[in-house]
Amino acid sequence: MDSSFVEVSSPAWAFWRAFLDTCVGLVVGTLYAFLAILVMGIVGEDALSSLYREIDLDPVFRASMGAILAAGAILAIGVPLVMIAERSAAFRAAEAVALSRPDGVPQRQLRLELSKPPSAHLQTFGLVLFWCVAGLGFLLALGLLFDEDLREDVEFWIALAVMAAVALLAELVRRAGRRGVARTQERVSAQQSRWERLASMADAADARRRAASIEMETPRWLTTPSAKTVGRIANILLAATFVALAAFMLSVFLRQQCRTCDPVTWAEPVENGIDVLSLASGIAIAACAAAGVVAWLSGVALQFGREIALARWAAQGARRVSPIVVLPLITRNRAVVRLQRGLAAVGAALVILGTGVTWAESRLLDADVVLWAGGILIVSGFVLGWTDAARSSRERQAIRDATFPGDGTQDPPSRRESRRSATGRRR
């Protein structure tokens, strides 16, 4: 029996995969919130100082920076743990498919993610956490050793004790990961050997099935607009953003040459020119960000429409089309996953802003409304990704069964054979 590529899925993996994608959105949202606060704070101080002080944004931005630090610490610990749980669920799902479909080969991206035991990530996480906490604890211990005032501060002793406890926990996690690797290494190696043996067979089988199927003209909705056009638009937006950022950084440098330097006051009209440059570059960055959001939403909508049309088109039976136009829609993130991450990113930024407003005790915004809106967006994104997992697996498998696109990154068998023969002739 010929081997074939199968889409691996399971309810447990769908849950943890959606959780991990949500975490990715939270990380992106936190980074964008940091950049937005940094840019708006500098523009407000330099170019719109009177309005900036009148609105009293500085306390909110400072408190939001504290929220970003707290969110960063939580995500730095939580995201690796979620990833480990996701990889463990994925490996169990792959093993279940190996039992039910002995001739089936999981999608390439999953094979790459499971190239080593999931417990290896737990071991690495414990090791990194141990040395980070141990380093901070060592610096704190040096301060306690050379500063008598710190020795009398109970809070520093408590902090040192907490770091020691976290370091001990990290070491226990590392050892648990090492034991997990020892338990699962044989199973992972067996699956990897099986996949390596079947992948080339499945790729060749897909090539034979594709050659025997009905040749069809590639639908225009799969190729228009082309990836080159979309890439060109993205490059233009990226270049404009870099130019705006460079102008913004120049205005900051002209105002203050280093972190510890005193601000520089220039004679007119240079002083006004710096203010204009700071304001214009800030507006340009905001415009590029808005254009990027519109372009991103348009890309998600285009991909969503193509996924629906491709699933309906593939349901009509096997047909021969170029794998290049099909593979991106069955190997990359789904449009729903991209939307999920976007919602989580916006939700994270709103939660950070709402927390900053609460901590600053500002009346600028209704903090409860902002926090609830952010939480709803995050949960909605997670639910979207979770509920789409089963449909995604079915549609992608149906497309594979109808178009036989192969493994995705390997050369087609015919090309490999011609390359081998050409190499032999050169020899």
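Residues numbered from 1 in each chain as written. Predicted model: local features only at pLDDT ≥ 70, side-chain atom pairs only at ≥ 80, totals over all residues. Heavy atoms only, no water.

A. Quick look at the overall build of the protein chain. Looking only at helices and strands, one finds 14 helices and four strands in the protein chain. Taking the contacts inside the protein chain whose residues are at least 6 apart along the sequence as the reference set, 84% of them involve residues at least 24 apart. Total accessible area on the protein chain is roughly 24,200 Å²; 67% of this is exposed by carbon and sulfur atoms. (Helix = DSSP H or I, 4+ residues; strand = E, 2+ residues; numbered from the N terminus. Contact = heavy atoms within 4.5 Å. Areas by Shrake-Rupley, 256 points an atom, 1.4 Å probe, with all protein chains shown as cover.)

B. Molecular detail of the side chain of Ser3. Here Ser3 lies in the segment before strand 1 (4-6). Here Ser3 is in contact with Asp103, Leu198, Met201, Ala202, Ala205 and Arg209, once residues within four sequence places are set aside.

C. Quick look at the side chain of Arg396. Turning to its location among the elements, Arg396 is positioned in helix 13 (residues 367-403). Buried within the structure, Arg396 lacks any salt-bridge partner; its nearest side chain of opposite charge belongs to Glu7, at an N-O separation of 4.8 Å. If near-sequence neighbours (up to four positions away) are discounted, Arg396 is found in contact with Glu7, Leu329, Ile330, Thr331, Arg332, Asn333 and Arg334. (Buried < 20%, exposed > 50% of the residue type's maximum accessible area, 1.4 Å probe, protein only. Lys, Arg positive; Asp, Glu negative; His and termini not counted. Salt bridge = Lys/Arg side-chain N within 4 Å of Asp/Glu carboxyl O.)

D. Geometry of the packing of helix 11 (residues 323-331) against helix 13. One way to put it is that helix 11 packs onto helix 13 with a least axis distance of 10 Å and a crossing angle of 160°. By the angle between their axes, helix 11 is roughly antiparallel relative to helix 13. Helix 11 and helix 13 meet at a crossing whose hand is left-handed. Residues Val326, Leu329, Ile330 and Thr331 of helix 11 touch helix 13, and the partners they reach there are Arg396, Ile399, Arg400 and Thr403. Classifying every residue of the contact of helix 11 with helix 13 by side-chain character gives four nonpolar, two polar and two charged. (Axes fitted to C-alpha atoms, helices over the stretch in contact; angles between N-to-C directions. Parallel < 35°, antiparallel > 145°, perpendicular 65-115°, else oblique. Left-handed = near helix turned anticlockwise from the far one by under 90°. Nonpolar A, V, L, I, M, F, W, Y, C, P; charged D, E, K, R; others polar.)

E. How the structure looks around the layout of surface pockets. One number sums up the size of the second largest pocket: a volume of about 790 Å³. Lining the second largest pocket are 35 residues, with Trp13, Gln107, Thr331, Arg332 and Arg396 sitting closest to its centre. Of all the elements in the fold, those that place two or more residues in the lining of the second largest pocket are helix 1 (11-46), helix 4 (108-113), helix 11, helix 12 (335-360) and helix 13. With nine residues, the single largest contributor to the lining of the second largest pocket is helix 13. Of the residues that constitute the lining of the second largest pocket, the class distribution is twelve nonpolar, twelve polar and eleven charged. (1 Å grid on protein atoms, 1.4 Å probe; cavity = no way out; pocket = protein on both sides within 12 Å on 5 of 7 lines; lining within 4 Å. Points joined across faces, edges and corners; volume = space filled by probe spheres on them.)

F. Fine view of the pattern of salt bridges. Using the criterion set out here, one finds 19 salt bridges in the structure. In this structure, Arg108 engages Asp407 in a salt bridge whose closest nitrogen and oxygen atoms are separated by 3.7 Å. You can see Arg108 sitting in helix 4 and its partner Asp407 sitting in the loop between helix 13 and helix 14 (413-426), a full 299 residues away along the chain. We classify Asp407 as buried; its relative accessible area is 5%. A network of salt bridges, in which partner residues are shared, links Arg17, Asp21, Glu86, Arg87, Glu113 and Arg341.

So, to be careful, I would describe these as geometric facts and stop short of saying anything about function.
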